[in-house]
Amino acid sequence: MVLGNIPGAPVVDDPLALLRDRRSRPALTAPAPDRDVLRHLLTAACSAPDHGRLRPWRFIVVDDAARGSLGDSFAAAHAERDPSADPAELDRTRAKALRAPMIVIVVGTTRPHPKVPEWEQRAAAACVAHGVVLGAHALGFGAMWRTGWFGEAPKVRAHLGLADGEEVTGWIYLGTPAGAAPAPRPATEPPVTWLG
Ligand SMILES: Cc1cc2nc3c(=O)[nH]c(=O)nc-3n(C[C@H](O)[C@H](O)[C@H](O)COP(=O)(O)O)c2cc1C
C-alpha cells in the first residue's frame, strides 16, 4: 500500500499525538507527495465536516513546474500594488512561490444557500485545509498553512483562474521537512467552561 511506505511517517501508538504534536514546517524540500499520494491525502481531507454536503472547496495544485509562473504572478501583483517596489523586492516576492516543492491552494467556493450560511461553508473549507496539513504530517511530510494578500490580488486570481466569489482559504506549502523538528507546543489547559 503506497501510503504505508513513506519514510518518516510517524508510528502512531497514541492517537492524539498526531493532533497534539503536529507543527508547521516552514522549511520544506523535495520530495513533495507524488500524484497518487496527494490524491489519497486530498480525498481524506475532503471527509471534513460539511453541513449539507455542499463541498464548498476545490484544490489547485502547484507543482515544481508551476512554481515559477506562480511566483511571476506574485511579483506582478506586488508591482501593481506598489509601483515603487524595486527589483530586489519583487524577486523576494517571486521567491515566495519557491518556499516548498509543492503548494496546494485550498479554494473556498461558498455560495448562497437557504440553510447553510456562508460562514459555515467557510468553516468547512478551513477544516479541509487543516485536514491537508494534518494528513501531510500523518504521512511524514511537512506542511505550513499560509495566507496573505496574494489571494485577493487580481493578477494572482487571474493566474489561478479563480471565479468571482471564490476565495483562497489557504496556501498549503507541502514537502519534506528540512532541519530539526520544532518542539511540540507546550501543553496548556484548554479554555473550557463546564455549563452547570
Ligand atoms: C488561516 C490561517 C492563515 C495563516 N497564515 C499564515 C501566514 O500567512 N504566515 C505564517 O507565517 N503563518 C500563517 N499561519 C499560521 C501557521 O500556519 C502556523 O499555524 C503557525 O506558524 C504556528 O505554527 P504551528 O502550527 O506549528 O503551531 C496561518 C494559520 C491559519 C489558520
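See above for the structure.
Description of the structure in this document. Since the structure is predicted, the reported quantities are computational estimates derived from the model, not experimental observations. (Residues numbered from 1 in each chain as written. Predicted model: local features only at pLDDT ≥ 70, side-chain atom pairs only at ≥ 80, totals over all residues. Heavy atoms only, no water.)

To continue, consider the site of the ligand. Around the ligand, a shell composed of Arg22, Arg23, Ser24, Met144, Trp145, Arg146, Thr147 and Arg185 is seen. Between the ligand and Thr147, the relevant distance is 2.9 Å, taken from an oxygen atom to a main-chain nitrogen or oxygen of the residue. A distance of 2.6 Å separates an oxygen atom of the ligand from a polar atom in the side chain of Arg185. About the coverage of the ligand: the protein hides 58% of its 610 Å² of free accessible area. Within the shell around the ligand, the residues separate by chemical class into two nonpolar, two polar and four charged. (Near = heavy atom within 4 Å. Polar contact = N/O pair within 3.5 Å; in protein donor to acceptor, adjacent residues only side chain to side chain. Areas by Shrake-Rupley, 256 points an atom, 1.4 Å probe, with all protein chains shown as cover. Nonpolar A, V, L, I, M, F, W, Y, C, P; charged D, E, K, R; others polar.)

Leu38, Val104, Ile172 and Leu174 are the most contacted members of the largest nonpolar core, which totals 25 residues. Of all elements in the fold, only α2 (35-45), β3 (102-108), α5 (118-138) and β5 (167-177) reach the threshold of two or more residues within this core. Broken down by element, this core gets its largest block of residues, seven residues, from α5. Core analysis: the second largest hydrophobic core is formed by 19 residues, Ala77, Ala97, Ala153 and Leu162 among them. (Core = buried A, V, L, I, M, F, W, Y, C linked by side-chain atoms within 4.5 Å. Buried < 20%, exposed > 50% of the residue type's maximum accessible area, 1.4 Å probe, protein only. Helix = DSSP H or I, 4+ residues; strand = E, 2+ residues; numbered from the N terminus.)

Let us now look at the packing of aromatic side chains. All chains considered together, the criterion is met by three aromatic pairs. On the basis of an interplanar angle of 5 degrees and a centroid distance of 4.1 Å, the ring pair of Phe74 and Phe150 is categorised as stacked. Taken together, the positions of Phe74 in helix α3 (residues 67-81) and Phe150 in the loop between β4 (142-146) and α6 (154-160) put the pair 76 residues apart, joining distant regions of the chain. Here Phe74 falls in the buried class, since its relative accessible area comes to 1%. The buried category is assigned to Phe150, whose relative accessible area is 9%. Taking the centre distance of 5.4 Å and the plane angle of 80 degrees together, the rings of Phe74 and Trp171 count as edge-to-face. In this pair, Phe74 sits in helix α3 while Trp171 sits in strand β5, placing the two residues 97 residues apart along the sequence. (Phe/Tyr/Trp six-rings, centres within 6.5 Å; stacked < 30°, edge-to-face > 60°.)

A word on the pattern of salt bridges. Counting across every chain of the model gives nine salt bridges. For Asp36, the salt bridge goes to Arg39, with nearest N and O atoms at 3.3 Å. Note that Asp36 and Arg39 are positioned in helix α2 at a spacing of three residues, about one turn of the helix. A residue is classified by how much of its surface remains accessible, and Asp36, at 33% relative accessible area, is partly exposed. Between Asp72 and Arg94 there is a salt bridge, and its shortest N-O distance comes to 3.0 Å. Taken as a pair, Asp72 in helix α3 and Arg94 in helix α4 (residues 87-94) lie far apart in primary sequence, 22 residues in all. Look at Arg94 and you get partly exposed, because its relative accessible area is 29%. (Salt bridge = Lys/Arg side-chain N within 4 Å of Asp/Glu carboxyl O.)

Read these as geometric descriptors, not functional statements.
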